[in-house]
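Here are the chains, one letter per residue:
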Amino acid sequence: MNLRLLNSNIIRKRIFVLLVIIVLIVILCLSIKNDPANCFLDSAWKDGKTLQEVSQNSKLKMHSTSKNVFFHETSCSVNGIISLNSRQSCAIESAALMNPDYNIYVLFTSQVGFRNTTNLPLIDVLSSYPNIHFNFLNLTKYAQNTPLESWIKNGELFRSSFVNSHTSDVLRYLSLWKYGGTYLDLDIVMQKPLNTQKPNNYAGAESAKFVAVGIINLEGETGHEIADLCVKDLLENFNGNDWGNNGPGVLTRTLHKICNTKDVMRMIVGNVCKNFRVLPIDACYSIRWPEHIKFFKEEYLNETMNRLSDSLIAHVWNKHSAATPLTKESNVAYIHLAKRYCPKTLNASEYF
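Remember, predicted model here, so these are calculated numbers, not experimental data.

1. Observations regarding the overall build of the protein
Thought 1: If you tally the helices and strands in the protein, you get 14 helices and nine strands.
Thought 2: The buried share of the protein, taken over its 352 residues, is 50%.
Thought 3: Put simply, of all contacts in the protein between residues at least 6 apart along the chain, 77% involve residues at least 24 apart.
Thought 4: On the protein, roughly 17100 Å² of surface is accessible, and the fraction owed to carbon and sulfur atoms is 54%.

2. Re the pairing of strand E6 (residues 202-205)
Thought 1: Looking at chain direction, E6 and strand E7 (residues 211-218) are connected through three bridges and run antiparallel. Across the sheet, residue Ala 205 finds its bridge partner in E7, namely Val 211.
Thought 2: Taken together, E6 and the strand that follows it, E7, pair antiparallel across an intervening segment of five residues.
Thought 3: Direction of pairing for E6 relative to strand E8 (residues 277-279): parallel, over a ladder of three bridges. Along E8, the bridge assignment pairs Gly 204 with Leu 279.

3. What about the pattern of salt bridges?
Thought 1: Inspection of the entire model under this criterion finds 12 salt bridges.
Thought 2: Two residues, Lys 153 and Glu 149, come together in a salt bridge whose shortest N-O distance is 3.4 Å. With a gap of four residues between them, Lys 153 and Glu 149 both fall in helix H5 (residues 149-154), about one helical turn apart.
Thought 3: By relative accessible area, which is 55% here, Lys 153 ends up exposed.
Thought 4: Each of Glu 291, Lys 294, Glu 303 and Arg 307 takes part in salt bridges that share partners, so that together they form one network.

4. Quick look at the packing of aromatic side chains
Thought 1: Per the counting criterion, the structure on display carries nine aromatic pairs.
Thought 2: Judged by centre distance (6.3 Å) and plane angle (55 degrees), the ring pair of Phe 108 and Phe 134 falls under tilted. Residue Phe 108 is found in strand E2 (residues 103-108), and its partner Phe 134 is found in strand E3 (residues 132-136); the two are separated by 26 residues along the sequence. Here Phe 108 matches Phe 134 in class, with each residue buried.
Thought 3: Centre to centre, the rings of Tyr 142 and Tyr 179 are 6.2 Å apart; their planes meet at 50 degrees, and the pair counts as tilted.

Conventions and cut-offs
- Residues numbered from 1 in each chain as written.
- Predicted model: local features only at pLDDT ≥ 70, side-chain atom pairs only at ≥ 80, totals over all residues.
- Heavy atoms only, no water.
- Helix = DSSP H or I, 4+ residues; strand = E, 2+ residues; numbered from the N terminus.
- Buried < 20%, exposed > 50% of the residue type's maximum accessible area, 1.4 Å probe, protein only.
- Contact = heavy atoms within 4.5 Å.
- Areas by Shrake-Rupley, 256 points an atom, 1.4 Å probe, with all protein chains shown as cover.
- Pairing = 2+ DSSP bridges.
- Salt bridge = Lys/Arg side-chain N within 4 Å of Asp/Glu carboxyl O.
- Phe/Tyr/Trp six-rings, centres within 6.5 Å; stacked < 30°, edge-to-face > 60°.

This is a description of form; function is not addressed.
So this is what it looks like as structure tokens:
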């Protein structure tokens, strides 16, 4: 009887140890978070129809002082066909329309191209502007010979909880580090030419605590120095579990050092940021994200248009507003902006 009891205890202990080992293995696997499969590293399309890789675009030169505008489309494509929605197209068209002497680069991180035989009305609209250029961006190649080269290769970005959003954050600073010029979000409408802003290095305040990054302009040697500080902050402070840490967080922390203050209102009025200007809230974010519905409701039309009357851009906060449907006949502020600043896109769209 004692022998049976002893054997039973040994078996139970072995089962317990085995269960502990299994649990530890599961925890270890979850903590390692192996790189997920993602479109940024996928090279499945080998049919020669992918957009020209951006490094082959002869117009772009490292640390250029030329007039560049960058949009980044970081969604994963399931069919490899170049695609933009009406609101993205509006942002791009408005930038091209208001800045005819600038080159507008729309860079896709997914390996897209012209792989179908059906009409692409929005792409056709944008292609009608001679200053709009579509290119494919290979993340690993794009980061070569930059401070981010090794970091991109180690895969920390792809272990992020917000891979697409954080890829966009990384690219805005990387593109400005490489080439200089202007970064713009794909949920803006440009209302004024970029060359109306002086000095050449600027971004807009969103609140008393944060300088937002829906628009960033960095040019020349001083602009490259600021971009370099932003890239260094990104490397030191990247957090894949914090949605905003790697976008506005990077520029705001960098400006804390440049301006020697954490008070964004002082940055605006105090002229303390050396070769950088923090634009007042009304210049870029007059309608802040908690009020985004004012772009989409008729009862707010006059108020919204009045508040935007002197703004460089209108930012429609796609993260919060994407599910709000419109037709092109809607009598709302966003459609009124589209009529003026992206008329071809609006005409080509059934819904907006």
